[in-house]
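Summary of structural features
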Amino acid sequence: MNATPMTVPEPNWVLPARGRVAMFALIGAEAAIFTIFVVAYLFYVGKSLAGPQAKDVLKAPIFYSICLLSSSLTIHFAVNALRKGRNRNFSLWWCTTIVLGATFLYGTASEWHKLIYRDGLTISTNLFGTTYYSLVGLHGFHVVVGLICLGLVMAFALLGYVRQEHAERVDVLSLYWHFVDAVWVVVFTVVYVVGR
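In this text the structure is predicted, and so the values were computed from the model without any measurement.

1. Brief notes about the overall build of the protein
What the protein contains, in helices and strands, is 6 helices and 0 strands. The helix and strand sequence of the protein, counted from the amino end, reads α-α-α-α-α-α. In terms of principal-axis extent, the alpha carbons of the protein reach across some 90 × 55 × 20 Å. Taken across its 196 residues, the protein has 40% of its residues classed as buried. Per element, the accessible surface of the protein, about 11,500 Å² overall, is 69% carbon and sulfur. Looking at charge distribution, the protein has the averaged site of its 14 positive side-chain charges lying 6 Å from that of its 9 negative ones.

As structure tokens, this is what we get:
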């Protein structure tokens, strides 16, 4: 009796989108850079011999942190709205994300202004100043880059160039913004909780 050979169906391989792969590669590289800055901050905090220390001058920016973390929700809602073809809702949620990100950036600028002009803490004052401005400044730079990208998408949306078929590309940009928000959780914990 001859056994009938079993046929195994060939797997249906689907390659991930190039944009998504590129963004994850960028996020991986950026995460490594942030790790170096976080470790440097933790290593040097409390070792300054002169000048103000973290516990003397830092106050946790709770409100501005809530603004930034909330922007992860609004950008998520924006991408979902675009996927469903609701362009008006997309624009509203996207604009809200920009406003929340800009509010956070204003909070960082206000804190720096106070630290420099009231407390006399600059990047060259002591080890704390050097590591603090380097770490928080690196994150702030990423927020600025993110806001520029979000602003460009908003401008294209207002001109009618962002449509439902572009949802995947917009979602790739949202991954970057989620990363920036996630990094802030780490930076906030290290600088305003552990480092004090």
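That was the structure; now back to the text.
2. Regarding the pattern of salt bridges
What the rule picks out here adds up to 7 salt bridges. Across the salt bridge formed by D119 and R118, the nearest N and O atoms sit 3.3 Å from each other. D119 gets classed as partly exposed once you look at its relative accessible area, which sits at 22%. Linking E165 and R163 is a salt bridge whose minimum nitrogen-to-oxygen distance equals 2.9 Å. Take E165: its relative accessible area is 55%, and that puts it in the exposed class. For R163, a relative accessible area of 36% puts it in the partly exposed group. Taken together, the shared-partner salt bridges connect R20, R83, E168 and D171 into one network.

3. Quick notes on helix α3 (residues 62–83)
With 22 residues, α3 should reach 32 Å at 1.5 Å per residue; the first-to-last C-alpha distance of 32 Å fits that figure. In this structure, the buried side of α3 is in contact with α4 (87–117), α5 (127–158) and α6 (167–194). Backbone geometry just downstream of α3 places G85 in the positive-phi region, at approximately 80°.

4. Regarding the side chain of T97
One can find T97 in helix α4. Within the structure, T97 has its side chain in polar contact with the backbone oxygen of W93 (distance 2.9 Å). In this structure T97 touches S71, T74, I75, L150 and W177, once residues within four positions along its chain are discounted.

5. Focus on the nonpolar core
In terms of nonpolar packing, the biggest core is built from 50 residues, with Y41, L58, F90, W94, Y132 and V191 touching the most fellow members. Mapped by element, the contributors of at least two residues to this core are α1 (18–44), α2 (54–57), α3, α4, α5 and α6. Among the elements that line this core, the one with the most residues is α6, at 16 residues. Contacts of V191, omitting those with residues within four sequence positions, involve Y41, L58, Y132, L135, V136 and R196.

6. Topic: the environment of V180
Position of V180 among the secondary structure elements: in helix α6. Counting along the chain gives 41 residues from V180 to H139, while the straight-line C-alpha distance between them is 7.3 Å. Excluding anything up to four places from it in sequence, V180 contacts H139, H142 and V143.

Thresholds, definitions, all that
Residues numbered from 1 in each chain as written. Predicted model: local features only at pLDDT ≥ 70, side-chain atom pairs only at ≥ 80, totals over all residues. Heavy atoms only, no water. Helix = DSSP H or I, 4+ residues; strand = E, 2+ residues; numbered from the N terminus. Buried < 20%, exposed > 50% of the residue type's maximum accessible area, 1.4 Å probe, protein only. Areas by Shrake-Rupley, 256 points an atom, 1.4 Å probe, with all protein chains shown as cover. Lys, Arg positive; Asp, Glu negative; His and termini not counted. Charge placed at Lys NZ, Arg CZ, Asp CG, Glu CD. Salt bridge = Lys/Arg side-chain N within 4 Å of Asp/Glu carboxyl O. Expected span 1.5 Å × (residues − 1). Contact = heavy atoms within 4.5 Å. Polar contact = N/O pair within 3.5 Å; in protein donor to acceptor, adjacent residues only side chain to side chain. Core = buried A, V, L, I, M, F, W, Y, C linked by side-chain atoms within 4.5 Å.

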